[in-house]
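Listed below are the residues making up each chain.
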Amino acid sequence: QVQLVESGGGLVQAGGSLRLSCAASGRTVSRRYIAWFRQASGKEREFVARIITSGGGTSYADSVKGRFTISSDNAGNTVYLQMSNLKPEDTAVYYCAASSYGRTYRTDYNYWGQGTQVTVSS
């Protein structure tokens, strides 16, 4: 079993920054890949960023490249999503997801947190 708890969401003005955290626990092999997804109202859940906790490799959706940074502590117990230059279009519920292997597909991930709301005002 893997448990994921997101935190750090809130209300921020356009152009501002937020840092989300994902606290991960459970079998390490089952959470080697940690990803962030987001779901805006009325839209499907979409990929944001991914990190390989054992190796540090990262990937990003085109919409957030250059603005968001995903990182992990050395043990892979906490994964962060540093969000800068936020736009109203970034408003969504952000979810942390984990798997032994995962790409950008929602179905690749076995474990999910409950999400944290990010609202960007204009």
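Everything here concerns the structure above.
Keep in mind it's a predicted model, so treat the numbers as computed, not measured.

What counts and how
- Residues numbered from 1 in each chain as written.
- Predicted model: local features only at pLDDT ≥ 70, side-chain atom pairs only at ≥ 80, totals over all residues.
- Heavy atoms only, no water.
- Core = buried A, V, L, I, M, F, W, Y, C linked by side-chain atoms within 4.5 Å.
- Buried < 20%, exposed > 50% of the residue type's maximum accessible area, 1.4 Å probe, protein only.
- Helix = DSSP H or I, 4+ residues; strand = E, 2+ residues; numbered from the N terminus.
- Contact = heavy atoms within 4.5 Å.

S.K.: Account for the nonpolar core, naming residues and giving values.
M.R.: Leu4, Trp36, Val48, Phe68, Leu81, Met83 and Tyr94 are the most contacted members of the largest nonpolar core, which totals 33 residues. Counting residues per element, the ones that place at least two in this core are strand S1 (2–7), strand S3 (18–26), strand S4 (33–39), strand S5 (46–52), strand S7 (68–72), strand S8 (78–83), strand S9 (92–99) and strand S11 (116–121). Setting aside its immediate chain neighbours within four residues, Val48 contacts Trp36, Phe37, Arg38, Ser59, Tyr60, Ala61, Val64, Phe68, Leu81 and Tyr94.

S.K.: I'd like a rundown of unusual backbone geometry, residues and numbers included.
M.R.: For Asn85, which is not glycine, the phi torsion reads 50° and is therefore positive. Position of Asn85 relative to the elements: it lies in the loop between S8 and S9.

S.K.: So, the environment of Gly76: which residues are in play, and what are the values?
M.R.: Within the secondary structure, Gly76 sits in the loop between S7 and S8. On the basis of relative accessibility, which here comes to 2%, the residue Gly76 falls in the buried class. Taking the C-alpha atoms as reference points, Gly76 and Ala23, 53 residues apart in sequence, are found 8.9 Å from one another. Beyond its immediate sequence surroundings of up to four residues, Gly76 is in contact with Ala24, Arg31 and Thr53.

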